[in-house]
Amino acid sequence: MASSASVDDNIESNPLLQDFDFPPFDFVEAKHVRPGIRALLKKLESDLDELEKTVEPSWPKLVEPLEKIVDRLTVVWGIVNHLKAVKDTAELRAAIEEVQPEKVKFQLRVGQSKPIYNAFKAIQESPDWKSLNEARKRIVETQIKEAVLNGVSLEDDKREQFNKIEQELERLSHKFSENVLDATKKFEKLITDKKEIEGLPATSLGLAAQTAVSKGHENATAEHGPWMITLDAPCLFAVMQHARNRALREEVYRANITRASTGDLDNTPIINQILKLRMEKARLLNYNNYAEVSMATKMATVDKAEELLEKLRSASWNAAVQDIEDLKSYSKSQGALEADNLSHWDINFWSERLRESKYNINEEELRPYFSLSKVMDGLFKLAKTLFGIDIEPADGLAPVWNKDVRFYCVKDSSGSPIAHFYFDPYSRPSEKREGAWMDEVVSRSRVMSRNGTTPRLPIAHMVCNQTPPFGDKPSLMTFREVETVFHEFGHALQHMLTKQDEGLVAGIRGIEWDAVELPSQFMENWCYHRDTLMSIAKHYETGESLPEEVYLKLLAARTFRAGSLSLRQLRFASVDLELHTKYIPDGSESVFDVDQRVSKKTQVIPPLPEDRFLCGFNHIFAGGYAAGYYSYKWAEVLSADAFSAFEDVGLDNTKAVKETGHKFRETILALGGGKAPSEVFVEFRGREPSPEALLRHNGLLPVAA
């Protein structure tokens, strides 16, 4: 008896199963995952049985109990998954891997529940349908559509096949991202001779020495080395942009484009398997290809997405060709031996040199003006001006997973809290995955109210991977890192400023995927707004503002190589669509052949024959962007057009900017998934979106003669 009692005690005390306002991130360990998730699934299974027995086509008897089940799993699994992304360990991985199939099995059971599906259909067909508000109608329509996409209409053996596919896809995508992380960690190059890393800025040398120390070279210093070069983003970009040593650039470039493509970390078979299973899934659901499945819940169609990509490609091509010509002639003027034969590892290096000479801007010299604390202060000030909110530090209120994580409270104009968020800014290559992201911890919800009267408030994560503080210097950011923080904060705002009380469509839930990047990309525009930039760009030692002429140069440099940068995104988006519409797994072409073919139209310098960037393409093989990478461009059209509403009233007209900001908050940020994004956009802008603003911002509009 004793042993089973002690297991129960453990379940009682399992932090994943506690009733909490803020997740116990400081307590959850790998050992809690298996028992915690299993006990939770057992409880939710019985809740689901109960719901299926008692379900009626009404809100209290269908939607509210369903939301409670879905929410509980989302929140608890979210904790575990988040820790894997920011504090990865072998034990945690193994635990998640073991219980994941059980979690997917349960989700499929919910998604394929005939009683629930029939109850939603009954609501839609009832005489009361007309009287439902818009958000509730959207929930019903979405639930019906998603049930069909989850295989609710499939009969026995087909459903079994569908479920096997879903299980396997989930497993493969986890494996894919683990391989990318491990392959990134695996590349290390120790440099002892300073001549070999000439050109690297002081911050990068500091980071490389810090990495060397963490790898056991305890006497490493920024000044004398040794220095450890890795494929972690801050290090990779620094080498590609600044290292004069061409051989080093080539080595790092080749290592990066062949990540996770060899040996036991090779993602090639995983890619083929994923594409094959997605195709099978599409056929089971009676679609021609996986892209059609993906678009079933988006604003665009395959044709519309392809049309937009082609429109942007033809607008970008000549500018990109000119970019390469400019690099050739500039590198030649500098006596570069490679000038006539520029290769991929020369492009970023010479672009950076040309940009410095053309605009007299050096990314590294700008860093001292962008200390993290000043950037955050300026960002919060902007949010107050635009949206009438106050953001205050609330460190200590909620447990965190690392000492560098900050916690904040968002308050409305009356001083009442409306949301909270965590911010995890720095790169930690040994345990944190690359990139930057926003995710929900909990969403706003009337049903999940803590006190039965006011809705539960939303909580968000904001995660970046920027250069950590070094020595006595604070975290000094590149301008690109500044843009990234603004971008992720835009996502967080849409999650946190929602006024939607229906949990299933609150915040970013229920918003079509290709509209989700609108607020994030919208916020990036403010990095170029004079007052905003000047409020954050203060030298961390002297406090002096960024000189006016430097601001004007930053503005001028905004469209530098816009054609090339646009084509880069278009390559990713086009290869993604091609793989999910026309590609035949195990056919005459490999995925890399497809990439090469697509790149002929989207890259002025074609990729190397051995380019395997697809093996590291987390977005489409381990993230939610499969047949959806075009969403960045689709939403960029929306966000540039939305920002042009502020330009139309005059960015210096504070009163008009506040009014427009209020309107943006009440529509784009407040309505969540409760209204179709195309309608929300028209409500804000007064008309349909147009790509003109985007091309204008990028300097790609043909100038009238």
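Keep in mind it's a predicted model, so treat the numbers as computed, not measured.

Caption draft 1: Looking closely at the overall build of the protein. Helix and strand content of the protein: 27 helices and seven strands. Here the protein has a C-alpha radius of gyration of 26 Å; the compact-globule value for 705 residues is 27 Å, and the two agree. By principal-axis analysis of the C-alpha atoms, the protein measures approximately 80 × 60 × 55 Å. Sequence separation of at least 24 residues holds for 72% of the intrachain contacts in the protein that already meet a minimum separation of 6. Counting only carbon and sulfur atoms, one obtains 51% of the accessible surface of the protein, whose full area is about 30,200 Å². In the protein, the 90 positive side-chain charges and the 108 negative ones have mean positions that sit 1 Å from each other.

Caption draft 2: Spotlight on the UniProt feature "domain: Oligopeptidase A N-terminal" (unreviewed entry) in the protein. The positions that UniProt labels "domain: Oligopeptidase A N-terminal" (unreviewed entry) are, in the present scheme, residues 37-159. Helix makes up 81% of residues 37-159 and strand makes up 0%, while its end C-alpha atoms are separated by 25 Å.

Caption draft 3: A look at the UniProt feature "domain: Peptidase M3A/M3B catalytic" (unreviewed entry) in the protein. UniProt records the feature "domain: Peptidase M3A/M3B catalytic" (unreviewed entry) for residues 239-699 in the present numbering. End C-alpha atoms of residues 239-699 are separated by 28 Å, and the span's content is 51% helix alongside 7% strand.

Caption draft 4: Geometry of the environment of L108. Here L108 lies in helix 4 (residues 90-111). L108 gets classed as buried once you look at its relative accessible area, which sits at 6%. In the structure, L108 is positioned 330 residues away from M438 in sequence and 25 Å away in space, judged by C-alpha atoms. In this structure L108 touches F162, N163 and E166, once residues within four positions along its chain are discounted.

Caption draft 5: The pattern of salt bridges, seen in detail. The final tally for this structure, using the stated rule, is 67 salt bridges. Note that K633 is salt-bridged to E636, the shortest N-O span being 3.2 Å. Of the two residues, K633 and E636 are both situated in helix 24 (residues 631-649); the distance of three residues between them amounts to about one turn of the helix. Residues joined by salt bridges that share partners form a network here, namely E306, E578, K582, E589 and R597.

Caption draft 6: Here's a closer look at the sheet that holds strand 5 (residues 417-426). In space, the five strands of this open sheet follow the order 3-4-5-7-6, with mixed pairing throughout. With one partner strand each, in any of the chains shown, strand 3 (390-393) and strand 6 (437-442) form the two edges of the open sheet. Direction aside, the axes of adjacent strands within the sheet are offset by 25° on average. Two elements, strand 4 (residues 406-411) and strand 5, share six bridges in a ladder whose sense is antiparallel. Across the sheet, residue K411 finds its bridge partner in strand 5, namely P417. Along the sheet, helix 3 (residues 59-86) contacts strand 5, strand 6 and strand 7 (459-466); its crossing angle with strand 6, the most-contacted strand, is approximately 145°.

Caption draft 7: Spatial organisation of the nonpolar core. Ranked by size, the top nonpolar core spans 139 residues in total, and within it F387, F421 and F489 carry the most contacts. With residues up to four places along the chain from it excluded, the contact list for F421 reads F380, I391, R406, F407, Y408, V410, A460, M462, F489 and M496. With 60 residues, the next largest nonpolar core counts V28, V63, V80 and V505 among its residues.

Criteria and cut-off values
Residues numbered from 1 in each chain as written. Predicted model: local features only at pLDDT ≥ 70, side-chain atom pairs only at ≥ 80, totals over all residues. Heavy atoms only, no water. Helix = DSSP H or I, 4+ residues; strand = E, 2+ residues; numbered from the N terminus. Rg over C-alpha atoms; globule rule 2.2 N^0.38 Å. Contact = heavy atoms within 4.5 Å. Areas by Shrake-Rupley, 256 points an atom, 1.4 Å probe, with all protein chains shown as cover. Lys, Arg positive; Asp, Glu negative; His and termini not counted. Charge placed at Lys NZ, Arg CZ, Asp CG, Glu CD. UniProt positions renumbered as here; feature names shortened; annotations may be inferred. Buried < 20%, exposed > 50% of the residue type's maximum accessible area, 1.4 Å probe, protein only. Salt bridge = Lys/Arg side-chain N within 4 Å of Asp/Glu carboxyl O. Pairing = 2+ DSSP bridges. Axes fitted to C-alpha atoms, helices over the stretch in contact; angles between N-to-C directions. Core = buried A, V, L, I, M, F, W, Y, C linked by side-chain atoms within 4.5 Å.

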